[in-house]
Amino acid sequence: MQSKKRRRIDPPTIHPRNRYSEKPPDFGLLAYLYPSFSPYVFPSSRPGGRPSIDWTNFNATRELTRVLLLHDHGVNWWIPDGQLCPTVPNRLNYIHWIEDLLSSDLIPAWDCSDRKVRGFDIGTGANCIYPLLGASLLGWSFVGSDVTDAALEWARKNVESNPHLVELIEIRNANDFLCSAEVKPKSGKIFEGELSTEEKEADSLEPKLEMSSFSEPHVLVGVVKDDEKFDFCMCNPPFFESMKEAGLNPKTSCGGTPKEMVYPGGEQAFVTQIINDSVVLRNSFRWFSSMVGRKGNLKVLVSKLRDVGVSIVKTTEFVQGQTARWGLAWSFIAVKKSSIALNTPIKSHHSFTLEGLQRQFGAFQILKAVESFFLANGALCKCDFLSFLVNVTLSNDQIDDLLKDGLANIGGRAISSMSNTSTDLKFPKELLFRVSVFEQSPGTVLVRGSLLHKDNPLLGVFSSLFSRLEEALKNDFVNKLRGS
Ligand SMILES: C[S@@+](CC[C@H](N)C(=O)[O-])C[C@H]1O[C@@H](n2cnc3c(N)ncnc32)[C@H](O)[C@@H]1O
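So, how was this worked out
- Residues numbered from 1 in each chain as written.
- Predicted model: local features only at pLDDT ≥ 70, side-chain atom pairs only at ≥ 80, totals over all residues.
- Helix = DSSP H or I, 4+ residues; strand = E, 2+ residues; numbered from the N terminus.
- Buried ≥ 20, exposed ≤ 12 C-beta atoms within 10 Å, placed from the backbone.
- Contact = placed C-beta atoms within 7 Å.
- Axes fitted to C-alpha atoms, helices over the stretch in contact; angles between N-to-C directions.
- Parallel < 35°, antiparallel > 145°, perpendicular 65-115°, else oblique.
- Left-handed = near helix turned anticlockwise from the far one by under 90°.
- Nonpolar A, V, L, I, M, F, W, Y, C, P; charged D, E, K, R; others polar.
- Core = buried A, V, L, I, M, F, W, Y, C linked by C-beta atoms within 7 Å.
- Pairing = 2+ DSSP bridges.
- Right-handed = clockwise from strand over helix to strand, strands pointing away.
- Expected span 1.5 Å × (residues − 1).

You'll find the protein chain entered in an unreviewed UniProt entry as U6 small nuclear RNA (adenine-(43)-N(6))-methyltransferase, with Musa troglodytarum given as the organism.

(A) How the structure looks around the overall build of the protein chain. Looking only at helices and strands, one finds 16 helices and 16 strands in the protein chain. Split into buried and exposed, the 484 residues of the protein chain put 42% on the buried side. Here the analysis covers contacts within the protein chain between residues at least 6 apart in sequence; of these, 70% occur between residues at least 24 apart.

(B) The arrangement of helix 5 (residues 129-138) in detail. The buried fraction of helix 5 amounts to 7 of the 10 residues, a majority that puts the element mostly inside the structure. Along helix 5, the positions that sit buried rather than exposed are Ile-129, Tyr-130, Pro-131, Leu-132, Leu-133, Gly-134 and Ala-135. Gly-139 occupies a position one or two residues after helix 5 and carries a positive phi of about 75 degrees.

(C) Summary view of unusual backbone geometry. Unusually for a residue other than glycine, Cys-128 sits at a positive phi of about 50 degrees. With respect to the helices and strands, Cys-128 occurs in the loop between strand 3 (118-122) and helix 5. By the C-beta count within 10 Å, which is 30 here, Cys-128 ends up buried. The backbone of Phe-388 shows a phi angle near 55 degrees, a positive value even though the residue is not glycine. As for its placement among the helices and strands, Phe-388 is situated in the loop between strand 13 (380-384) and strand 14 (389-394). Accessibility expressed as a C-beta count within 10 Å gives 22 for Phe-388, which makes it buried.

(D) Spotlight on the packing of helix 4 (residues 88-103) against helix 5. For the pair helix 4 and helix 5, interaxial distance at closest approach is 10 Å and the crossing angle is 60 degrees. In terms of their interaxial angle, helix 4 and helix 5 are classed as oblique. Pair helix 4 / helix 5 crosses with right-handed handedness. Contact residues: Arg-91, Leu-92, Ile-95 and Glu-99 in helix 4; Ile-129, Tyr-130, Leu-133, Gly-134, Leu-137 and Leu-138 in helix 5. The residue inventory of the contact of helix 4 with helix 5, partitioned by class, reads 7 nonpolar, 1 polar and 2 charged.

(E) Highlighting the nonpolar core. Membership of the largest hydrophobic core comes to 116 residues, with the highest contact counts inside it found for Leu-132, Cys-233, Ile-274, Ile-366 and Val-370. Looking at this core element by element, the count peaks at 10 residues for helix 13 (residues 363-376). With residues near it in sequence (within four places) discarded, Ile-366 still touches Leu-354, Phe-361, Val-437, Val-445, Val-447 and Leu-473.

(F) Representation of the pairing of strand 5 (residues 169-173) in the model. For strand 4 (residues 141-146) and strand 5, the ladder comprises 5 bridges, and the chain directions are parallel. Each bridged residue has a counterpart across the sheet, and for Ser-145 the counterpart in strand 5 is Arg-172. For the segment spanning strand 4, helix 6 (residues 149-160) and strand 5, crossover handedness is right-handed.

(G) Representation of helix 10 (residues 266-280). For helix 10, spanning 15 residues, the distance from its first C-alpha to its last is 22 Å, which sits close to the expected 21 Å at 1.5 Å a residue. Within helix 10, 11 of the 15 residues are buried, which leaves the element mostly enclosed by the surrounding structure. Regarding helix 10, the residues found buried are Gly-266, Glu-267, Gln-268, Ala-269, Phe-270, Val-271, Gln-273, Ile-274, Ile-275, Asp-277 and Ser-278. Packed against the buried residues of helix 10 are strand 3, strand 8 (230-235), strand 9 (285-292) and helix 11 (295-308).

(H) Expanded view of the sheet that holds strand 13. The strand order 12-16-15-14-13 describes an open sheet built from 5 strands, whose pairing is antiparallel. The open sheet has two edge strands with one neighbour each: strand 12 (349-354) and strand 13. Along the sheet, successive strands turn relative to each other by an average axial angle of 15 degrees, direction set aside. Examined bridge by bridge, strand 13 and strand 14 share 5 bridges and lie antiparallel to one another. Across the sheet, the residue bridging to Cys-381 is Val-392, located in strand 14. Relative to the sheet, helix 13 contacts strand 12, strand 13, strand 14, strand 15 (431-441) and strand 16 (444-451), its axis offset from that of strand 15 by approximately 160 degrees.

This is how it looks when you write it as structure tokens:
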């Protein structure tokens, strides 16, 4: 078993199918093979260390992305100065997560099973990175949308520079579908709740949008045609409310123009727009998804999703260098009822082991996945990484929501012993339980869940949630890897 000190500093890992998870890019080799890259590569100052680049130099990061796309993916690529420069290993994590969602049997496939996978990239940018990676790596077809001239022009150029992908990627101008009737208030005022002092200061420095002159483009509605069906949509949204907030990470230079980085109301407003559009287009997509940059926003967005009546929410954490990012996915398609859940014994303690984990997965990663699972179910989670446990609280309303959708069939046994009605029940207490994760040996992790109030009438809900957790973790960490 690893020591606590060692385990505490383990960062979240890169997706196991990401080609760079075991073998990061070899800058020395790339410099040798691509002379245009070599001026940016310098030897490590540490004996035996790997050559590196100056991550604060935009030209260096752009050239790295260009040679990685060419060398590892056979993709020709370029962006003009200042446009957002993607980091290939980071962007691959989102692609692989979508691949996981599509191959999971959480929701049924479209009727015609021989259909090729079709995705929609909202805000594809000049770099058009997700369509280029998804099409070259997995043969998926894409519509990539954007609103700026530079993004549309360069995304098209990037597709046309790759004749083998031209048939798979269509770039669509979302400005053609402006929703001029819908007017949003100025930055920072579209959310409930108080702004922090810093946010108020930043807000006062920003130019205010004129109510009358600001018309918000729809993100999906209108841009998606009536008869179109997609397996998924994905989005790396403009995260920030202002360029000041975007700041510049002093440790990297990935560029990014205001149009790429900033949106009135920031990522929360942008993803809310996707959620609103997803309600209208619920039958046009199997999975909707977006990246989220702030954990606080993730919680707010998960509760918006519950409000609009989605059938399932999934979250994950992405590795983005030093920065944490989350993936949020949802669907309106009815979740397949799990046979495991129906047979779950109702107890106040449950445990299961995950065996045969790849070496990069230990207690830390499993604990993060446990937290993501319960967050996606609308729970409040308090993680203790020293003790490797997470305390989970589900309010009455959240339990009601769970009972109304996916858990309806499995909470039933406990509920029927209390009352004849089910979904309208208001229970006297919230549900509190603790999930602990123990690394028994390398590759084997024990997950144990204990209800904190043993006489809680919602034992059945706890048992069922726990069995869903087992199913999800086995699917993500054990079965998928065996299958791959
Ligand atoms: C953070 S950038 C992401 C670029 C690229 N997908 C990536 O991951 O590097 C966000 C993109 O969303 C675009 N955008 C903003 N509003 C949009 C809208 N309503 N519809 C489509 N794209 C939009 C911006 O122009 C920008 O290119």
